[in-house]
Amino acid sequence: MRFFSAVFHIALFASLVTCNDAFSVPQSNTNSDAPQPPTNLVDRGRFIEAVEILKAELAKASGIEVDEQQKEDPSSYTYGIGKLKVGLPLEHASGLGMAEAKLVLVNGMTEQVAELGIQTGDTIVAVSAADDAFLESTKELDLEGTAKIFMAAVEYCMKNGAPQIELELNRLVKLNYADES
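Report follows, based on the coordinates. Everything numeric in this text was worked out from a predicted model, so none of it was measured. (Residues numbered from 1 in each chain as written. Predicted model: local features only at pLDDT ≥ 70, side-chain atom pairs only at ≥ 80, totals over all residues. Heavy atoms only, no water.)

Nonpolar side chains tend toward joint burial in soluble globular proteins. Leu 88, Leu 96, Ile 118, Phe 150, Ile 165 and Leu 167 are the most contacted members of the largest nonpolar core, which has 26 residues in total. Of all elements in the fold, only strand S3 (77-89), strand S4 (96-101), strand S5 (103-109), strand S6 (123-129), helix H3 (143-160) and strand S8 (164-177) reach the threshold of two or more residues within this core. Of the residues forming this core, the biggest block, six residues, is contributed by H3. Setting aside anything within four residues of it in sequence, one finds Leu 167 in contact with Leu 84, Lys 85, Val 86, Leu 88, Leu 96, Ile 118, Ile 124, Ala 126, Val 127 and Phe 150. (Core = buried A, V, L, I, M, F, W, Y, C linked by side-chain atoms within 4.5 Å. Buried < 20%, exposed > 50% of the residue type's maximum accessible area, 1.4 Å probe, protein only. Helix = DSSP H or I, 4+ residues; strand = E, 2+ residues; numbered from the N terminus. Contact = heavy atoms within 4.5 Å.)

Here's what the structure looks like:
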């Protein structure tokens, strides 16, 4: 698993967190007026695998041994993928850690970044700045590609006086136990 962290220090400005009620649950209605599945969502199966790998690696790094019988079976649950956007002030850009485990996932953060609503296990699918004057997709890129776009957005903000970058995140949401029938 590879890790990324960057150091940037700029004045703190207010940030905005918005959450869309977007889940990757298939729509059963084929009517063209029916709501369409949201765009920019990662593959759910790949996301579940990535989160399970991250959980195991974080447990190992913490010295916690996880018995195979104690592990949760992901097929026992129904999952959705939530979409949210988080404004990350430039002074806190260095407070976000990322790791590659099938997908690039957030693997750690400072308290200030956590207060913005970012969680371990989120995946960054797009990075924007200055009201989308800078907008790049990071959906399912590797760690190097994601880090390159993340740093380019920070540099764009610094050059153009923008106070923060915007991260579009996907979050794996455990909804309930799967129907065993």
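What follows continues from the structure just given.
The phi torsion at Ala 130 lies on the positive side, around 50°, for a residue other than glycine. Among the secondary structure elements, Ala 130 is positioned in the loop between S6 and strand S7 (134-137). Backbone geometry places Asp 132, a non-glycine residue, at a positive phi of 70°.

A complete count under the given rule lists six salt bridges for this structure. As a salt-bridge pair, Arg 46 and Glu 140 come within 3.1 Å of each other at their nearest N and O atoms. Taken together, the positions of Arg 46 in helix H1 (residues 44-61) and Glu 140 in the loop between S7 and H3 put the pair 94 residues apart, joining distant regions of the chain. (Salt bridge = Lys/Arg side-chain N within 4 Å of Asp/Glu carboxyl O.)

These figures come from the coordinates and say nothing about function on their own.
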